[in-house]
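Listed below are the residues making up each chain.
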Amino acid sequence: MKSWQRLLSSLTLPLFLYSASASAAYPEQPVRLIAPYGAGGSSDVLARALSEQLAKELGQPVIVENRAGAGSMIGTSYVAGAAPDGYTLLLVDVPFTIIPALYPDRVKYDVSKDFAPVALLGVAPMYLFVHQDSPIKTYQDLIETAKKNPGQLSIGSGGNGSFTHLLAELLMSNTGIELTHVPYKSAAASVTDLAGRQIDASFTTIASAKALIDGGKIRPIASTSMEPHPATPDVPTFHAGGLDTLNVQSWWGIVAPAGTPAAIISRLESALAAALPDPSVQQRFATVGVSPPQNHGAAALQTAVTEDLARWKDVISKAGISAE
């Protein structure tokens, strides 16, 4: 028995030493950051804003690679199957936690088991918008009007099962109102029709709606942040009105394949903690309405993922939403 134990030790010790030395030397080659969307979107902007400063912290190039398609599933599946060596990372956002419940038969990865959180990069509140000339001045006005006229008010979204659609469903289920959902190909298309008075309300970010706000076409009546956002101090929060279930912000983070050594995760987490506060990074984040979170760490990202996986699964189930 002891001879077998000695043999096993002789076989596993070199592997352990190799793994430890590889982690200690990390990184020894360029790191790829996969953005599972096309170029030009918020995720792509954040990835490219961060890559240069992160490269300085790591001492190796950080290459942003767009692997778009299937609502982010192509890029996400690719990273799920990548070697857990810290050289292939994934930029994730809220749809990372929506897709599994929306496409249970198509998703080939397990968000809870196939990825390791590295860091939370930023957050952005969502806003409920109405037309500039709408008689609805507050979200309480919208609820009161909807209760008096069930199904008469319409709310647009970026598509069936999109984040903005689920926010609309969350608003309805937690206030007992009935709104007519109008899906669009994007949230931008939704607020464009809102500006044209084709619909009565819509959720999106300030960054996405900025041109229409500046043009006096639409206005925000509530935000999903806990406190009024510095960029919109006069816009009240759902929280201030007692609707805490709408405290749901958009967020972005970085994950690695599950099984990535803890030492490498720690190295990446530290490098990101140093890179994110850089003024040039934050300035570019601000162009898409993204602010620093209270905590950048892996634990903060894990909390966001865990909470949203449960939240959106529940919303999708209760609303009977199915992918088109």
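Residues numbered from 1 in each chain as written. Predicted model: local features only at pLDDT ≥ 70, side-chain atom pairs only at ≥ 80, totals over all residues. Heavy atoms only, no water.

## Structural notes on the overall build of the protein chain
- Tallying secondary structure elements over the protein chain gives 11 helices and 10 strands in all.
- By the compact-globule yardstick of 20 Å for 324 residues, the protein chain fits well, its C-alpha radius of gyration being 22 Å.
- Each principal axis of the C-alpha atoms in the protein chain carries an extent, and together these give about 80 × 45 × 35 Å.
- When each of the 324 residues of the protein chain is scored for burial, the buried share is 49%.
- Nonlocal contacts in the protein chain, meaning residues at least 24 apart in sequence, comprise 81% of its contacts between residues at least 6 apart.
- When the accessible surface of the protein chain is summed, it comes to about 15000 Å², and 55% of that surface belongs to carbon and sulfur atoms.
- Positive and negative charge centroids in the protein chain, built from 22 and 27 side chains respectively, lie 4 Å apart. (Helix = DSSP H or I, 4+ residues; strand = E, 2+ residues; numbered from the N terminus. Rg over C-alpha atoms; globule rule 2.2 N^0.38 Å. Buried < 20%, exposed > 50% of the residue type's maximum accessible area, 1.4 Å probe, protein only. Contact = heavy atoms within 4.5 Å. Areas by Shrake-Rupley, 256 points an atom, 1.4 Å probe, with all protein chains shown as cover. Lys, Arg positive; Asp, Glu negative; His and termini not counted. Charge placed at Lys NZ, Arg CZ, Asp CG, Glu CD.)

## Some words on the nonpolar core
- Core analysis: the biggest nonpolar cluster contains 55 residues, and Leu128, Leu142, Leu171, Leu179, Phe238, Trp251 and Trp312 have the highest contact counts within it.
- Among the elements that line this core, the one with the most residues is helix α11 (residues 298-319), at eight residues.
- For Leu179, the contacting residues outside a window of four places in its chain are Leu142, Ala146, Leu153, Ile155, Leu171 and Met172.
- Counting residues in each nonpolar core, the second largest holds 34 residues, with Ala49, Leu91, Ala271 and Leu272 among its members. (Core = buried A, V, L, I, M, F, W, Y, C linked by side-chain atoms within 4.5 Å.)

## So, the packing of helix α2 (residues 42-58) against helix α9 (residues 262-275)
- Axis separation between α2 and α9 bottoms out at 9 Å; the angle between their running directions is 120°. Taken together, the axes of α2 and α9 are oblique relative to one another. Both α2 and α9 take part in a crossing whose hand is right-handed. Contact with α2, carried on its side by Leu50, Gln53, Leu54, Glu57 and Leu58, involves Arg267, Leu268, Ala271, Leu272, Ala274 and Ala275 of α9 and no other residues of that element.
- Partitioned by chemical class, the residues of the contact of α2 with α9 number eight nonpolar, one polar and two charged. (Axes fitted to C-alpha atoms, helices over the stretch in contact; angles between N-to-C directions. Parallel < 35°, antiparallel > 145°, perpendicular 65-115°, else oblique. Left-handed = near helix turned anticlockwise from the far one by under 90°. Nonpolar A, V, L, I, M, F, W, Y, C, P; charged D, E, K, R; others polar.)

## Description of the sheet that holds strand β6 (residues 154-157)
- One open sheet holds the five strands; their spatial order is β7-β6-β8-β5-β9, and the pairing between them is mixed. Only two strands of the sheet have a single partner each, and these edge strands are β7 (180-183) and β9 (218-223). Each strand axis lies, on average, 30° off the axis of its neighbour in the sheet, ignoring direction.
- Two elements, β6 and strand β8 (residues 201-204), share two bridges in a ladder whose sense is parallel. In the sheet register, Ile155 faces β8, and the bridge partner there is Ala201.
- Relative to the sheet, helix α7 (residues 187-195) contacts β5 (127-131), β6, β8 and β9, its axis offset from that of β8 by approximately 145°. (Pairing = 2+ DSSP bridges.)

## Examining the environment of Gly156
- When you line up the elements, Gly156 lands in strand β6.
- Look at Gly156 and you get buried, because its relative accessible area is 0%.
- For the pair Gly156 and Leu194, spaced 38 residues apart in the sequence, the C-alpha separation amounts to 7.8 Å.
- Ignoring sequence-local partners within four residues, the contact set of Gly156 consists of Val182, Tyr184, Ser190, Ile199, Ala201, Ser202 and Phe203.

## So, the pattern of salt bridges
- Per the counting criterion, the structure on display carries eight salt bridges.
- A salt bridge links Arg311 to Asp308; its shortest N-O distance comes to 3.0 Å. Pair noted here: Arg311 and Asp308 are both in helix α11, with a separation of three residues, about one helical turn.
- One salt-bridge network, held together by shared partners, links Arg32, Glu65 and Arg67. (Salt bridge = Lys/Arg side-chain N within 4 Å of Asp/Glu carboxyl O.)

## Focus on the packing of aromatic side chains
- Scanning the entire structure with this criterion turns up seven aromatic pairs.
- Between Phe163 and Trp312, the ring centres sit 5.7 Å apart and the planes meet at 75°, which makes this aromatic pair edge-to-face. Taken together, the residues span a long stretch of sequence, with Phe163 in helix α6 (residues 163-175) and Trp312 in helix α11 at a distance of 149 residues. Of the two residues examined, Phe163 and Trp312, each falls in the buried class.
- Following the ring pairs from residue to residue traces out a cluster consisting of Phe96, Tyr109 and Phe115.
- Across the ring face of Tyr78, the terminal group of Arg67 is positioned such that the distance to the ring centre comes to 3.7 Å.
- Over the aromatic face of Trp312 sits the side chain of Arg311, whose NZ or CZ is 5.7 Å from the ring centroid. (Phe/Tyr/Trp six-rings, centres within 6.5 Å; stacked < 30°, edge-to-face > 60°. Lys NZ or Arg CZ within 6 Å of the ring centre and 35° of its normal.)

Read these as geometric descriptors, not functional statements.
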